[in-house]
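If you want the building blocks of each chain, they are given just below.
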Amino acid sequence: MTTATGIGARVKRREDVRFLTGTGRYVDDLPLARATYAYFLRSPHAHAKIKGVDLSEAEKMPGVVAIFTGKDLAEAKVGSLICGWVVKDKHGEPHKAPPHPVLAADTVRYVGDPVVMVVANSHDEAKDAAEKIKVDYEVLPANVDLAKALDKGTAQVHAEAPGNLIYDWELGVKADVDAAFAKAAHVTKIDIVNNRLIPNAMEPRAAAAEYDKGTGHYTLWSTSQNPHVLRLILSAFVLGIPEHKLRVIAPDVGGGFGSKIFCYNEETAVCWASSRVGRPIKWTAERSESFMTDAHGRDHVTHAELALDKDGKFLALKVETIANMGAYLSTFSTAVPTYLYATLLAGQYTTPLIYANVKAAVTHTAPVDAYRGAGRPEATFVIESIVSQAAKDLKVDPAELRRKNFIPSTAFPYQTPVALQYDSGNYPPIIDEAMKIADYRGFEARRAEAKSRGKLRGIGFSSYIEACGLAPSQVIGQLGGGVGQWESAQLKFNPTGNVQVITGSHSHGQGHETTFAQIVSDKLGVPLENIEVVHGDTSTTTFGMGTYGSRSLAVGGSAIMKAADKIIAKGKKIAAHLMEASVDDVVFEDGTFKVAGTDKNVPLAQAVFAAYVPHNYPLAEIEPGMDENAFYDPANFVYPAGTQICEVEVDPDTGETQIVNFTAVDDFGNIINPMIVEGQVHGGIAQGVGQALLEHAVYDKETGQLVSGSYMDYTMPRADDVPSFKLGYKVTPCPHNPLGVKGCGEAGAIAAPAAVMNAVRDALAPLGVTHVPMPATPLSVWQLIHGASRAAAE
């Protein structure tokens, strides 16, 4: 059924009313009686031995309730934080797994590593007391430069990871790829760095915990993207308490972008300490703490080579990457540069042979894990950079080289040489539409006009594909994932026909309270105002896997559809009884049960009421109530794809790059709410533009200090850094989920860095600039321009 509030409708986000009027409820808003406040004393050094901790002055400070060190947690047998994805190296051995203490006890390994937790009656009192703690450090050499992290003689981060190597992993058959390269008419080579990013969600991480001595129950409020998984990890692996004794609530959460998937030190320590203190404990990160300790993203050093035949067909791709894990393995960090990266190196192309070698290194920097796109942006940046470079090498149009190598629409389902099987797609119409919207034919005239004004204009393509809707569970398990990847849903009607949609997914900006309600309204004919979406509380929702990897709609929405099918099936039986008809003759249309070929009908609300007031009801055949659960575990990932075209203008006098046009055409399958999809694409592109032109997490290579540790030094994209995007859509429905949907939340961030950087390279190419590192800041671009000018003069 298509209505003004159903699937395909541009329904305004229902949740935005409370967000825009200041009535949302975030962790820091919780009015906990007798609350105390935690503050963490953190290491000022990237690498040091802890020789001693003197708490004597701090313990005398006003308002101090308790102080805990790593030794206290060790004596209480608090476990190490875990990495939940086991990656086996090219010899079949599991990755190295150094311990990750909640509080450092004997060694600190990055600037920001938590050492002591102070609990006091106020935040300021806790912070004042922490400043009185004296830690005797023996400062040691730091390993910060990723390119040299695996070199002999570099400072060791963990004894458990000799040579700083976590794994040496490969995908593909190197000998076959080498043989293809030997026959190539042309080989393009590139060396690129995928710059480290800091997530910077609007709401910083926060946690609050309360212990009920009478029942032995803990309640943890957390800014988590997956509260059920957080509860599982904390109870089973870290705190050692029965899972049913821990309730995790993720209320309104102000953005995550992947950084709030993981189990962190602070929420663990706060939860554990709440039973020792006997009062609730609250903690909210200061922004400087977020910069230092939120799991960072990206940070790859890569060499890639592409072999082509004389006609420009791709023969083989070879990729070698060093991936930064940071000082400790975060919850899903090992999977990001392997199964979420190398398996996407086929892109949209028919490249028959691919070999990827990934070495994961630990360094004395903050842990690195999934950040919007998680491996897919890194893969797309490699592929789309080298394809554009190959086009320049061969002096052919970059669009035509892509089109020549696209997977044809008749080839789906398409088995790639890097494990994945794409289920659907049609790529040529996407790039054609993007070129039309971007007026690609008129670009050279615009380049000439810009030149007349002393500006350098360039255009760049990025044709991406991603595997998202993370699942299926059996595949994830075979690849080393520690949890399932299904999703759950419950549709719970009350007698008057209102319905609660209870989901294991979690919303932190995606608009689930709107789109999930649209699905139910469309499927069951229930007015949108009669639908409530419930999520984020392990005590009131069925176990679910949370939100990340653009999986909410494809997996969570499909679970809702399955639950709705069960509602309809039960409703048919009730309606058949009420209408004295055979169940086989009952159909459900527009919210009403009807007997085919007659005017008999029973609205869904009447069937629901009958289920709860079973005065005339076949109790021997049907249970009372209208409340159905469903679990959905998909048969495959979903594969959204698209093409972005970026047009830039560079000022050679200042090095400033201005994006003057940006076009994105995507295939997200069927679209539930176009307005929300547009918002997701806009946000993703903005983050991609930020990575390409502005953002860069920088550590001092000698001391390991984070020199981009504030908004004064880490440049976030602003409104004037991004243009008015031009969007378009092509639809090939996903064939294996009931909604026919694909993910949209990460696409913009996946494709945009390559599109922007290819445009900048194109703009500078006439000057003889052959390599532009990311981010293309005004300073770096200015240096490249003037370096090229000096070289030309010589």
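These numbers were taken from a predicted model, which means no experiment stands behind them.

Side note on the nonpolar core
Next up, step 1: Counting residues in hydrophobic clusters, the biggest one holds 153 residues, and the most contacted among them are Met117, Leu345 and Tyr422.
Next up, step 2: Looking at which element gives the most residues to this core, the answer is helix α18 (residues 747–764), with twelve residues.
Next up, step 3: Looking at this core, you find at least three residues from each of domain 2 (32–140 + 202–255 + 260–293) and domain 3 (300–470 + 636–793).

Some points on the sheet that holds strand β1 (residues 36–42)
Next up, step 1: With mixed pairing, the seven strands of this open sheet are ordered in space as β3-β5-β1-β12-β9-β10-β11. Of all the strands in the sheet, just β3 (64–69) and β11 (246–249) have a single pairing partner and so form its edges. Across this sheet, the average inter-strand angle for adjacent strands is 20 degrees, counted without regard to direction.
Next up, step 2: In this sheet, strand β12 (residues 281–284) lies alongside β1 in parallel orientation, the contact comprising two bridges. Note that in β12 the partner of tyrosine 37 across the bridge is lysine 282.
Next up, step 3: Sheet strands in contact with helix α6 (residues 227–238) are β10 (217–222) and β11, and its direction is about 145 degrees off that of β11.
Next up, step 4: Packed onto the sheet, helix α7 (residues 265–277) meets β1, β3, β5 (114–120), β9 (206–212), β10, β11 and β12 and runs at close to 25 degrees relative to β9.

Focus: the sheet that holds strand β18 (residues 456–465)
Next up, step 1: Reading across the sheet, the four strands line up as β18-β26-β27-β28 and stay open at both edges, with mixed pairing between neighbours. Sheet topology places β18 and β28 (726–729) at the edges, where each strand pairs with a single neighbour. Sheet twist, expressed as the average angle between the axes of neighbouring strands with direction ignored, equals 15 degrees.
Next up, step 2: As paired elements, β18 and strand β26 (residues 641–650) share ten bridges and run antiparallel to each other. Bridged to glycine 458 within β26 is valine 648.

Examining the domain arrangement of the chain
Next up, step 1: Looking at the chain, the domain boundaries give domain 1 (16–22 + 486–632), domain 2 (32–140 + 202–255 + 260–293) and domain 3 (300–470 + 636–793).
Next up, step 2: The straight-line distance from the C-alpha centre of domain 1 to that of domain 3 is 40 Å.
Next up, step 3: The partner domain 3 presents 19 residues to the 18 residues of domain 1 that form the contact.
Next up, step 4: Around 1,400 Å² of area is buried between domain 1 and domain 3 when both sides are counted, 64% of it from carbon and sulfur atoms.
Next up, step 5: Looking at the side of domain 1 that touches domain 3, the elements that each hand over two or more residues are α14 (512–524) and α15 (552–578).
Next up, step 6: Considering each element in turn, the side of domain 1 that touches domain 3 owes the most residues, six residues, to α15.

A closer look at the environment of alanine 316
Next up, step 1: Examined against the element boundaries, alanine 316 turns out to sit in strand β14 (residues 314–326).
Next up, step 2: Residue alanine 316 is classed as buried on the basis of its relative accessible area of 0%.
Next up, step 3: A sequence separation of 471 residues divides alanine 316 from glycine 787, and the C-alpha atoms of the two residues are 34 Å apart.
Next up, step 4: Contacts of alanine 316, omitting those with residues within four sequence positions, involve Val177, Ala180, Phe181, Glu305, Leu306, Ala307, Thr351 and Leu353.

Some words on the packing of aromatic side chains
Next up, step 1: Within the structure shown, the criterion is met by 23 aromatic pairs.
Next up, step 2: Connected via pairs of aromatic rings, a cluster forms that spans Phe314, Tyr349, Phe406, Phe412 and Tyr427.
Next up, step 3: One residue, arginine 205, lies across the ring of tyrosine 264, its end atom 3.7 Å from the ring centre.
Next up, step 4: If you follow lysine 318 out to its NZ or CZ, it ends over the ring of phenylalanine 181, 4.5 Å from the centre.

A closer look at the pairing of β9
Next up, step 1: By the bridge criterion, four bridges tie β9 to β12 in an arrangement that is antiparallel. Within β12, the position partnered with alanine 206 by the bridge is threonine 284.
Next up, step 2: Bridging between β9 and β10 involves six bridges; their strand directions are antiparallel. What sits directly across from alanine 208, in β10, is tryptophan 221.

What counts and how
Residues numbered from 1 in each chain as written. Predicted model: local features only at pLDDT ≥ 70, side-chain atom pairs only at ≥ 80, totals over all residues. Heavy atoms only, no water. Core = buried A, V, L, I, M, F, W, Y, C linked by side-chain atoms within 4.5 Å. Buried < 20%, exposed > 50% of the residue type's maximum accessible area, 1.4 Å probe, protein only. Helix = DSSP H or I, 4+ residues; strand = E, 2+ residues; numbered from the N terminus. Domains from an automatic or database assignment. Pairing = 2+ DSSP bridges. Axes fitted to C-alpha atoms, helices over the stretch in contact; angles between N-to-C directions. Contact = heavy atoms within 4.5 Å. Buried area = accessible area lost by both parts, 1.4 Å probe. Phe/Tyr/Trp six-rings, centres within 6.5 Å; stacked < 30°, edge-to-face > 60°. Lys NZ or Arg CZ within 6 Å of the ring centre and 35° of its normal.

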